Amino acid sequence: METSESPFVFKAIAAVALLLLLAPTVVTVVAAFNEGNYLQFPPQGLSLRWIEAFLTGPLFRESFTFSFRLAFCATLISTVLGTAAALALVRLRFRGREVLRAVMLAPIVLPGMVLGLALLSFYAAIQMGLFRTFSGLLLAHVLVTLPFVIATVGAALARFDRSLEEAARSLGAGPVRAFFDVTMRVTAQGILAGATFAFIVSFGQFDISLFLATSEMRPLPVALYDSIRYRTDPTIAAAGVFAISTVFLSMTLVHVLTNRKGKRAAPKG
Amino acid sequence: MAATTSRDGTYLLLVPAAAMFFLFMILPLLVLFVIGFNPPERGLLAVQPQLSLENLVRFFTNPLFYGSLLTSLQLSAITVVFDVLLGFPLAYIMARTSSPRVFTGLSILVLASMQLDMTIRLYGMIVIFGNNNGLINQLLVSLGLPKLQLIYNRTGIALGLVQATLPFMVFSLISILRNLDRSYEQAARSLGASRWRAFFDITLPLATPAVISGAVIVFSLSISSYIVPILLGSSRVSTISMHLYQQVSEMGFWQFGSALGLIMLAVSLGAILVSFSLSQRYAGSRF
Amino acid sequence: MRQVELIGVAKSYGEGPPAVARSDFSVEKGEFFSLLGPSGCGKSTTLRMIAGFVAPSSGTIRLGGEDVTALPPERRAIGIVFQNYAIFPHMTVAQNIGYGLKLRKHDKATIAAAVGRALEQVGLVGYENRSPSQLSGGEQQRVALARVIVLEPRLLLLDEPLSALDKRLRDEMRVWLKRLQHELGITTIYVTHDQDEALSLSDRIAVMSKGVVQQIGTPAEIYERPATRFVADFIGESNLFSCRVEGATGALATVALDDGSKALAPATEAAGRRATLMVRPEHVLIGAADAANRYPATIEEIAYHGAHLRFTARLSPSLIVRGERVNVGGGMPSLGERVTIGWQPESGVLIPDAP
Ligand SMILES: Nc1ncnc2c1ncn2[C@@H]1O[C@H](COP(=O)(O)OP(=O)(O)OP(=O)(O)O)[C@@H](O)[C@H]1O
Ligand SMILES: [Mg+2]
């Protein structure tokens with residue numbers, strides 16, 4: 001048995017990698033509590049002025065809440081559609097299943113910017129009230145969040161022991177009832193993790209929103225981008241603190257939900 | 001089982017999602033395809049009946065444009081290499097830690113850094129790597145060393161792309177390394193291989209499929225990234241994504257912009273196909 | 001009265017040989033019926049067709065005279081206990097057992113009373129509020145049974161219910177299960193690949209191989225008069241000799257074994273037919289002064305098994321016989337010793353070769 005599991009070189013490189021991943025975030029948080037008038041590091045004195053500026057400014061009032069609403073709706077829709085699709089993909093054996101699965105996971109690797117442009121052109125071409133409207137943007141977000149739900153819920157369903165559902169059926173539950181009473185309850189963690197993933201992906205989505213956003217409907221990432229291009233004050237760092245908190249909380253939730261060992265029931269005292 | 005489930009109508013569950021992907025992914029991409037082959041007409045966002053190769057010809061005859069594709073390819077390749085070099089050790093340590101708490105902690109950090117808003121991360125990158133007041137340059141100056149030009153050039157874009165894509169590589173690797181039975185490595189050690197020998201002979205080859213699949217995701221994300229080159233690059237380094245945005249949003253050349261999008265799409269799909277055949281061949285040679 | 005009838009039931013999954021090929025059998029009311037066979041022979045598939053989880057490719061399944069082939073599982077009133085018990089992890093023991101009654105819209109008091117009675121029957125009084133994660137394997141097994149019997153199903157299906165338990169518990173549960181089934185008088189189909197279990201529990205057994213039912217009979221019939229070579233080989237230890245029936249004299253026939261030696265056996269096959277002669281090891285005697293089938297042989301192997309001894313004797317270069325005798329002291333031949341071995345003609349069984 002070695003005392004240390006991994007070679008020193010690995011540890012050193014891993015430390016550099018972590019630094020590169022985390023330092024920008026840490027710097028942003030520190031900058032948000034900066035006293036000074038512009039971007040500065042190390043900060044001169046502590047203050048909540050930029051947090052306050054963010055909370056009272058348009059970035060928060062308009063974009064943060066808009067993004068929240070958008071992500072909420074997208075999550076709701078893609079959780080329902082994605083869970084249904086994942087169930088069918090796990091249960092059915094048919095020719096072309098792998099192709100269909102690949103298509104449904106494709107938005108993860110397809111360039112978001114290209115999808116955004118394609119959707120914008122498509123909306124313009126079909127003239128059905130999707131061009132530069134909330135519905136159009138929402139559908140785009142459903143599209144890019146669906147793969148995350150399908151993958152996460154699919155993994156949970158693949159682990160799910162089907163005899164539980166069959167037991168419910170032979171005890172007298174119809175297929176729908178058995179799903180809601182047993183399958184959904186037992187895989188609830190996976191479904192919740194998928195939903196959280198969808199929310200985060202939509203909330204942080206920049207690429208697909210780039211062409212579909214308008215000045216009245218500007219999700220937070222697009223608004224942040226606009227604001228950093230034209231003026232750099234620490235309000236953006238303050239916004240970052242909120243985004244960081246949201247993401248950390250949800251990612252902790254996702255991780256806890258997807259990595260629990262086995263499917264234990266909550267012990268009753 | 002198939003018979004029972006079709007009786008339940010399980011197939012119907014696929015319909016909404018399949019319709020979603022058909023209507024809002026496949027059809028739009030077809031529209032994009034047609035527009036990319038429409039003759040250029042400034043300011044017109046519509047599908048025209050005439051087809052032409054004018055956009056592609058313009059792309060491949062103007063060094064400004066095909067050069068930007070080469071720049072993007074080069075930056076993406078560099079990003080893949082650095083992601084593997086930095087990501088493998090991190091993933092290895094995470095996969096091999098015996099403490100679940102360390103694993104959970106590191107996973108959450110990496111997962112969170114993957115999902116965090118890109119603008120905010122790049123803002124942090126500017127603060128750290130800034131050419132005048134960046135932390136690194138402040139440090140160099142205080143040590144009496146000359147300043148480095150770390151951003152607003154190719155280096156800056158590469159740094160930003162690595163920052164942006166590293167988590168994807170790490171997670172792709174972890175999924176395999178965690179399930180890789182440690183006893184293979186231990187068997188090699190007991191047969192007389194040194195730790196490094198065992199790593200290069202056993203662990204690395206077994207992890208190759210994960211490296212390949214991580215590389216595709218990273219490559220595809222890098223080639224299509226717009227926000228990184230626009231915030232950390234300069235007007236002297238142009239990537240294909242920057243031209244795409246400019247052509248469409250600033251100049252109204254929808255047809256040419258669509259053609260650029262098609263090229264970007266083709267490169268991404270090409271990378272996926274290459275990696276797929278690589279991992280097929282790799283899997284084939286193992287048995 | 002026939003409680004379950006399978007008429008020409010077959011199932012194939014895609015290409016390849018069918019998982020179950022044309023099964024015909026019926027189970028009487030109150031009977032304990034086992035499906036026995038090696039892994040992959042189609043036992044679970046048969047059971048799952050009866051339960052309604054798998055639709056047969058052809059054939060009819062009747063329950064209490066009613067054709068249920070097209071009925072979904074929830075409308076068949078069948079109780080099934082799975083190999084892994086399938087206790088709902090998000091419900092307490094009481095909620096698990098009461099689930100079926102809740103679906104049938106009984107009121108809370110009725111459910112609580114029935115759950116209490118069921119827990120009593122399976123010996124788990126006081127376990128109502130436990131969560132499944134706090135139960136041992138044997139306890140989960142009992143909960144799974146309670147959940148099913150509380151509904152008074154017309155048929156109980158058990159798919160290798162004991163295989164996940166350790167040996168001691170398995171023996172204990174076997175006795176308990178048989179008693180419970182007897183008390184309730186519930187028609188039961190039991191799937192197992194363990195012949196001991198099938199022989200000791202069942203009223204009748206269907207032995208399956210490669211999707212085909214080879215023989216149906218009581219444990220004694222199956223063991224003592226196997227209908228096919230497969231059954232003879234699969235159930236218990238046996239000596240199987242390929243042979244040709246030469247001619248009958250009264251109740252006995254002379255058969256010629258492949259190495260040319262002759263033996264007497266019950267005349268159940270016509271002269272001229274090819275057959276297999278089966279002799280169980282416990283019928284093979286050393287010395288065998290009064291046996292009609294006697295052969296000089298060399299002892300090649302002796303194995304000590306505590307309660308009994310097993311030996312292998314070579315009759316000719318191509319023929320060996322395995323024997324077994326109870327270990328009650330007395331001399332045992334040594335390795336390489338020349339002895340005479342033999343068996344009574346009546347203890348042999350002639351199994352016709354498949355045409
Ligand atoms: N859902 C399925 N799809 C395709 N083939 C299947 C399916 N279920 C079972 N089979 C095949 O049908 C055959 C019979 O399987 P079955 O599960 O009935 O065997 P079994 O007798 O219960 O075996 P075991 O003792 O291992 O449980 C096997 O060859 C199996 O591979
Ligand atoms: Mg089975």
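What you see is a predicted model, and the numbers here were worked out from it, not measured in a lab. (Residues numbered from 1 in each chain as written. Chains lettered and ligands numbered in written order. Predicted model: local features only at pLDDT ≥ 70, side-chain atom pairs only at ≥ 80, totals over all residues. Heavy atoms only, no water.)

Asks: Summarise the side chain of Ser-107 of chain B; cite the residues concerned and give the values.
Replies: With respect to the helices, strands and loops of the structure, Ser-107 of chain B is situated in helix H5 (residues 100-115). Discounting residues that sit within four places of it in the chain, Ser-107 of chain B has contacts with His-255 of chain A together with Met-94 and Phe-171 of chain B. (Helix = DSSP H or I, 4+ residues; strand = E, 2+ residues; numbered from the N terminus. Contact = heavy atoms within 4.5 Å.)

Asks: For helix H2 (residues 49-56) of chain A, give the residues involved together with the corresponding values.
Replies: Residues and elements named next belong to chain A. Listed as buried for H2 are Trp-50, Ile-51 and Phe-54. The buried residues of H2 all sit within an arc of 105 degrees when viewed along its axis, so they share a single face. Looking at H2, the residues exposed on the side facing more than 90 degrees away from the buried face are Glu-52 and Thr-56. Those residues of H2 that are buried lie in contact with helix H1 (8-32), helix H3 (58-91) and helix H12 (235-259). (Buried < 20%, exposed > 50% of the residue type's maximum accessible area, 1.4 Å probe, protein only. Arc of directions from axis to C-beta.)

Asks: Any chance you could break down unusual backbone geometry for me, citing the residues and the numbers?
Replies: Residue and element names in this part refer to chain C. Residue Tyr-85 is not a glycine yet carries a positive backbone phi of 75 degrees. Along the chain, Tyr-85 turns up in the loop between strand S6 (78-81) and helix H2 (93-103). A positive phi angle, close to 40 degrees, is found at Glu-160, a residue other than glycine. Tracing the sequence through the fold places Glu-160 in the loop between strand S7 (155-159) and helix H5 (167-184). When its relative accessible area of 10% is taken as the criterion, Glu-160 is described as buried.

Asks: Got a sec to walk through the sheet that holds strand S14 (residues 274-279) of chain C? Specific residues and values, please.
Replies: Residue and element names in this part refer to chain C. Reading across from one edge, S13-S12-S11-S14-S20 is the order of the 5 strands in this open sheet, with antiparallel pairing throughout. At either margin of the open sheet sits one strand with a lone partner, and together these are strand S13 (262-266) and strand S20 (348-352). Pairwise comparison of adjacent strand axes, ignoring direction, gives a mean angle of 45 degrees for this sheet. (Pairing = 2+ DSSP bridges. Axes fitted to C-alpha atoms, helices over the stretch in contact; angles between N-to-C directions.)

Asks: A description of the UniProt feature "domain: ABC transmembrane type-1" (unreviewed entry) in chain B should follow, citing residues and the corresponding values.
Replies: Per the UniProt record, "domain: ABC transmembrane type-1" (unreviewed entry) is annotated on residues 69-275 of chain B. The annotated region residues 69-275 of chain B carries 81% helix and 0% strand content, and the separation between its end C-alpha atoms amounts to 20 Å. (UniProt positions renumbered as here; feature names shortened; annotations may be inferred.)

Asks: So what about the site of ligand 1? Which residues, and what values?
Replies: Neighbouring ligand 1 are 11 residues; Ser-39, Gly-40, Lys-43, Ser-44 and Thr-45 of chain C lie closest to it. At the site occupied by ligand 1, the surrounding residues belong to chains B and C. Between an oxygen atom of ligand 1 and a main-chain N or O atom of Gly-40 of chain C, the distance comes to 2.7 Å. At 2.8 Å from an oxygen atom of ligand 1 is found a side-chain nitrogen or oxygen belonging to Lys-43 of chain C. (Near = heavy atom within 4 Å. Polar contact = N/O pair within 3.5 Å; in protein donor to acceptor, adjacent residues only side chain to side chain.)

Asks: Before we move on, could you go through the pairing of strand S19 (residues 338-343) of chain C and cite the residues and values that matter?
Replies: All names here are of chain C. As judged from the 2 bridges shared by strand S15 (residues 285-286) and S19, these two strands associate in the antiparallel manner. Its bridge partner being in S19, Ile-286 is matched across the sheet by Ile-341. Bridge analysis of strand S16 (residues 293-304) against S19 gives 6 bridges, and the strand direction is antiparallel. Across the sheet, the residue bridging to Asn-293 is Trp-343, located in S19.

Asks: An account of the interface of chain A and chain B is needed here, citing residue identities and associated values.
Replies: Frequently, the measure chosen for interface size is the accessible area that the parts lose on association. Counting residues at the interface gives 90 residues for chain A and 85 residues for chain B. A combined buried area of about 7900 Å² lies between chain A and chain B, and 81% of that area is made up of carbon and sulfur atoms. Area buried by chain A at its contact with chain B is led by Phe-10, Leu-20 and Leu-21 of chain A, which between them contribute 9% of it. In this assembly, chain A and chain B are joined by 0 salt bridges. (Buried area = accessible area lost by both parts, 1.4 Å probe. Salt bridge = Lys/Arg side-chain N within 4 Å of Asp/Glu carboxyl O.)

Asks: Tell me what's going on with the packing of aromatic side chains, and back it up with residues and numbers.
Replies: By the definition in use, this model includes 36 aromatic pairs over all chains. The interplanar angle of 90 degrees and the centroid separation of 5.6 Å between the aromatic rings of Phe-88 of chain B and Phe-199 of chain B together place this pair among those described as edge-to-face. Pair noted here: Phe-88 of chain B is in helix H4 (residues 63-96) and Phe-199 of chain B is in helix H10 (residues 195-223), with a separation of 111 residues, a long-range link. Seen in terms of ring centroids, Tyr-226 of chain B and Tyr-245 of chain B are 4.7 Å apart; in terms of plane orientation they differ by 35 degrees. Their pairing is tilted. Placement of Tyr-226 of chain B in the loop between H10 and helix H11 (227-232) and of Tyr-245 of chain B in helix H12 (residues 240-250) is noted, with a sequence separation of 19 residues between them. Accessibility classification places Tyr-226 of chain B together with Tyr-245 of chain B in one group, the buried group. Taken together, the ring pairs connect Phe-10 of chain A together with Phe-88, Tyr-92, Trp-196, Phe-199 and Phe-200 of chain B into an aromatic cluster. Directly above the aromatic system of Phe-103 of chain B lies the positively charged group of Arg-178 of chain B, at a separation of 3.6 Å from the ring centroid. Residue placement shows Arg-142 of chain C over the ring face of Trp-176 of chain C; its charged tip is 4.6 Å from the ring centre. (Phe/Tyr/Trp six-rings, centres within 6.5 Å; stacked < 30°, edge-to-face > 60°. Lys NZ or Arg CZ within 6 Å of the ring centre and 35° of its normal.)

Asks: Account for the environment of Phe-206 of chain A, naming residues and giving values.
Replies: Tracing the backbone through its elements, the reader meets Phe-206 of chain A in the loop between helix H9 (188-203) and helix H10 (207-212). In sequence terms Phe-206 of chain A and Gly-112 of chain A are 94 residues apart; their C-alpha atoms lie 8.3 Å from each other. When near neighbours in sequence (up to four residues on either side) are disregarded, Phe-206 of chain A contacts Pro-221, Val-222 and Tyr-225 of chain A together with Tyr-226 and Ile-227 of chain B.

Asks: Can you break down the UniProt feature "domain: ABC transporter" (unreviewed entry) in chain C residue by residue, with the values?
Replies: UniProt feature "domain: ABC transporter" (unreviewed entry): in the numbering of this structure it lies at residues 4-235 of chain C. Secondary structure across residues 4-235 of chain C divides into 36% helix and 24% strand, with the first and last C-alpha atoms of the span separated by 25 Å.

Asks: Report on a nonpolar patch on the surface, specifying residues and quantitative values.
Replies: On the surface, Phe-68, Phe-72, Leu-76 and Ile-77 of chain A cluster together into a nonpolar patch covering about 390 Å² of accessible area. Here Ile-77 of chain A shows up in helix H3. (Patch = residues over 30% accessible without salt bridge, like charges linked within 9 Å, V, L, I, M, F, W, Y side chains within 5 Å. Areas by Shrake-Rupley, 256 points an atom, 1.4 Å probe, with all protein chains shown as cover.)

Asks: Now, about the environment of Asn-34 of chain A: what can you tell me, with residues and values included?
Replies: Mapped onto the secondary structure, Asn-34 of chain A falls in the loop between H1 and H2. In the structure, Asn-34 of chain A is positioned 17 residues away from Ile-51 of chain A in sequence and 9.7 Å away in space, judged by C-alpha atoms.

Asks: Mind laying out the confidence of the model for chain C, listing which residues take part and the relevant values?
Replies: Looking at chain C as a whole, its pLDDT mean stands at 91, while 99% of the residues score no less than 70. Taken over the whole predicted complex, pTM reads 0.85, whereas the ipTM for its chain interfaces reads 0.89. (pLDDT = per-residue confidence, 0-100.)

Asks: Any details on the packing of H1 of chain A against helix H6 (residues 118-129) of chain B? Residues and values, ideally.
Replies: As a packed pair, H1 of chain A and H6 of chain B sit with axes 8 Å apart at the nearest point and diverge in direction by 90 degrees. The orientation of H1 of chain A relative to H6 of chain B falls into the category roughly perpendicular. Residues Leu-20, Ala-23, Pro-24, Val-27, Thr-28 and Ala-31 of chain A of H1 of chain A form the contact with H6 of chain B, whose participating residues are Ile-120, Arg-121, Tyr-123, Gly-124, Met-125, Val-127, Ile-128 and Phe-129 of chain B. A breakdown of the residues in the contact of H1 of chain A with H6 of chain B according to their chemical character gives 11 nonpolar, 2 polar and 1 charged. (Parallel < 35°, antiparallel > 145°, perpendicular 65-115°, else oblique. Nonpolar A, V, L, I, M, F, W, Y, C, P; charged D, E, K, R; others polar.)

Asks: Any chance you could break down the pattern of salt bridges for me, citing the residues and the numbers?
Replies: All names here are of chain C. This model, assessed by the stated rule, comprises 19 salt bridges over all chains. Here Glu-5 makes a salt bridge to Arg-2, at a shortest N to O gap of 3.4 Å. By relative accessible area, which is 16% here, Glu-5 ends up buried.

Asks: Any details on the confidence of the model for chain B? Residues and values, ideally.
Replies: Residues and elements named next belong to chain B. The pLDDT averaged across chain B works out to 88; a share of 95% of its residues lies at or above 70. Between the elements of chain B, mean pLDDT differs from a low of 46, seen in helix H1 (residues 2-8), to a high of 96, seen in helix H2 (residues 14-36). The low-confidence segment residues 1-6 (pLDDT under 50) makes 15 contacts with residues lying over four places distant or belonging to another chain.

Asks: Mind laying out the domain arrangement of chain C, listing which residues take part and the relevant values?
Replies: All names here are of chain C. Taken domain by domain, chain C comprises domain 1 (2-231) and domain 2 (237-352). The distance between the C-alpha centroids of domain 1 and domain 2 comes to 39 Å. Counting from both sides, the interface comprises 8 residues of domain 1 and, opposite them, 9 residues of domain 2. The junction of domain 1 with domain 2 conceals about 680 Å² of combined surface from both sides, 49% of it contributed by carbon and sulfur atoms. A per-residue breakdown of the area domain 1 buries against domain 2 is headed by Tyr-223, Pro-226 and Arg-229, which together make up 78% of the total. Remark: the boundary between domain 1 and domain 2 carries 0 salt bridges. (Domains from an automatic or database assignment.)

Asks: Run through the UniProt feature "transmembrane region" (unreviewed entry) in chain B, naming residues and quoting values.
Replies: Residues and elements named next belong to chain B. Under the present numbering, the feature "transmembrane region" (unreviewed entry) in UniProt falls on residues 12-35, 73-94, 106-130, 150-177, 198-231 and 251-278. Helix makes up 92% of residues 12-35 and strand 0%, whereas the separation of the span's terminal C-alpha atoms amounts to 34 Å. A distance of 43 Å separates the end C-alpha atoms of residues 198-231, which is 91% helix and 0% strand.

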